Amino acid sequence: MDLEKHKELSKQKIKKNQSFFRSLKKVKPKTLDNIIHTLHDDVFNYTDCLMCANCCKTTGPLFTNKDIQRISKYLKLKPSVFTEKYLRVDEDNDYVLQNLPCIFLNKDNFCGIYEVRPKACKEFPHTDRKKQSQLLSVTEKNISVCPAVYDIVEKMKDKLIK
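What counts as what
- Residues numbered from 1 in each chain as written.
- Predicted model: local features only at pLDDT ≥ 70, side-chain atom pairs only at ≥ 80, totals over all residues.
- Heavy atoms only, no water.
- Helix = DSSP H or I, 4+ residues; strand = E, 2+ residues; numbered from the N terminus.
- Buried < 20%, exposed > 50% of the residue type's maximum accessible area, 1.4 Å probe, protein only.
- Core = buried A, V, L, I, M, F, W, Y, C linked by side-chain atoms within 4.5 Å.
- Contact = heavy atoms within 4.5 Å.
- Arc of directions from axis to C-beta.
- Axes fitted to C-alpha atoms, helices over the stretch in contact; angles between N-to-C directions.
- Parallel < 35°, antiparallel > 145°, perpendicular 65-115°, else oblique.
- Left-handed = near helix turned anticlockwise from the far one by under 90°.
- Nonpolar A, V, L, I, M, F, W, Y, C, P; charged D, E, K, R; others polar.
- Polar contact = N/O pair within 3.5 Å; in protein donor to acceptor, adjacent residues only side chain to side chain.
- Phe/Tyr/Trp six-rings, centres within 6.5 Å; stacked < 30°, edge-to-face > 60°.

Undergrad: Is there a simple way to think about the overall build of the chain in this case?
TA: Each helix and strand counted, the chain has nine helices and two strands in total. Scanning the chain from its N terminus toward the C terminus, one meets helices and strands in the order α-α-α-α-α-α-β-β-α-α-α. Summarising its shape, the C-alpha atoms of the chain cover approximately 55 × 30 × 30 Å along the three principal directions. Here the chain holds 162 residues, and 36% of them are scored as buried.

Undergrad: For this particular structure, what's the right way to read the nonpolar core?
TA: Most often, soluble globular proteins keep nonpolar side chains buried together rather than apart. Core analysis: the biggest nonpolar cluster contains 18 residues, and Phe20, Phe21, Leu24, Leu32, Ile143, Val153 and Met156 have the highest contact counts within it. Where this core is concerned, the elements lending two or more residues are α2 (14–24), α3 (29–44) and α9 (147–160). No other element matches the six residues that α9 contributes to this core. Leaving out residues up to four positions away in the same chain, Val153 has contacts with Asn17, Phe20, Phe21, Thr139 and Ile143. Phe63, Ile68, Phe104 and Ile113 belong to the second-largest nonpolar core, a separate cluster that totals 13 residues.

Undergrad: Explanation requested: helix α6 (residues 79–86) in the structure shown.
TA: Those residues of α6 lying buried are Phe82, Thr83 and Tyr86. Along α6, the residues classed as buried sweep out an arc of 95 degrees about the axis, all on the same side. With respect to the buried face of α6, the exposed residues turned more than 90 degrees away are Glu84 and Lys85. Where the residues of α6 are buried, they touch α5 (65–74), β1 (87–89) and β2 (95–97).

Undergrad: What is the right way to look at the environment of Ile71 in this model?
TA: Looking at the element boundaries, Ile71 is found in helix α5. What makes Ile71 buried here is its relative accessible area of 0%. The spatial distance from the C-alpha of Ile71 to the C-alpha of Lys28 is 38 Å, given a sequence separation of 43 residues. Those residues in contact with Ile71 that lie beyond four places of it in its chain are Phe63, Phe82, Ile113, Val116, Arg117 and Pro118.

Undergrad: Sorry, what's going on with the packing of α3 against α9 here?
TA: If you want to describe how two helices pack, look at the angle between their axes and the distance between the axes. Their axes nearest at 9 Å, the elements α3 and α9 cross at an angle of 130 degrees. With respect to α9, the element α3 is oriented oblique. Where α3 crosses over α9, the two elements pack in a sense that is right-handed. Where α3 approaches α9, its residues Leu32, Ile35, Ile36, Leu39, His40, Val43 and Phe44 are matched on the opposing element by Ala148, Asp151, Ile152, Lys155, Met156, Lys159 and Leu160. Residues of the contact of α3 with α9, tallied by class, amount to ten nonpolar, one polar and three charged.

Undergrad: What should I look at first to understand the environment of Asp108 in this one?
TA: Residue placement: Asp108 occurs in the loop between β2 and α7 (119–123). On a C-alpha basis, the gap between Asp108 and Lys85 in space is 23 Å, while along the polypeptide they are 23 residues apart. A polar contact is formed between the side chain of Asp108 and the backbone nitrogen of Phe110, at a distance of 3.0 Å.

Undergrad: How do you make sense of the environment of Ala53 when you look at a structure like this?
TA: The residue Ala53 is located in the loop between α3 and α4 (54–58) in this model. A residue is classified by how much of its surface remains accessible, and Ala53, at 6% relative accessible area, is buried. Residues in contact with Ala53, not counting those within four places in the same chain, are Leu105 and Asn109.

Undergrad: Could you clarify how one ought to interpret the packing of aromatic side chains in this entry?
TA: Here a ring pair, both rings aromatic, is described through the centre-centre distance and the interplanar angle of the planes. For the structure on display, the rule yields five aromatic pairs. Ring geometry for Phe82 against Tyr86: centres 5.3 Å apart, planes inclined by 45 degrees, an arrangement best described as tilted. Of the two residues, Phe82 and Tyr86 both sit in helix α6, four residues apart, roughly one turn of that helix. Each member of the pair, Phe82 together with Tyr86, is buried. Judged by centre distance (5.0 Å) and plane angle (50 degrees), the rings of Tyr86 and Phe104 are tilted. Here Tyr86 is found in helix α6, whereas its partner Phe104 is found in the loop between β2 and α7, with 18 residues between them in sequence. Phe104 sits in the buried class, given a relative accessible area of 8%. In this structure an aromatic cluster arises from ring pairing among Phe63, Phe82, Tyr86 and Phe104.

Given below as structure tokens:
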């Protein structure tokens, strides 16, 4: 996986993708879900996230209170200690990692807390969630982060642009 090449390709297509995502607002929500979910399944049949882990290296998840409780219990830390040691409050008043790449990402791209990882990590890149019409801005943003999302969007263009 050549992340530099991915980054460059993503950058080259920003304007076209912006236009494409504006056009997706006209697609019926159920139709959009069906298209994206089918493409998600297809792309993740050949995508090995462990070869990349760019999401863990470049973006941090939001940590809910449930995430903090679950992870701190797993690490045998008090939630306040876990929060102080690993998290900060961002401009939206959400808990996020203090630093990137993720402190729990091992050298082999495996997650050290995979069994109890945050909900946001478990759901990333969110292309298999319902109500994709409400997640278009997230998907558009994730094109530059996730090569699989890039592939899903390129396949959507092939399917929808005549």
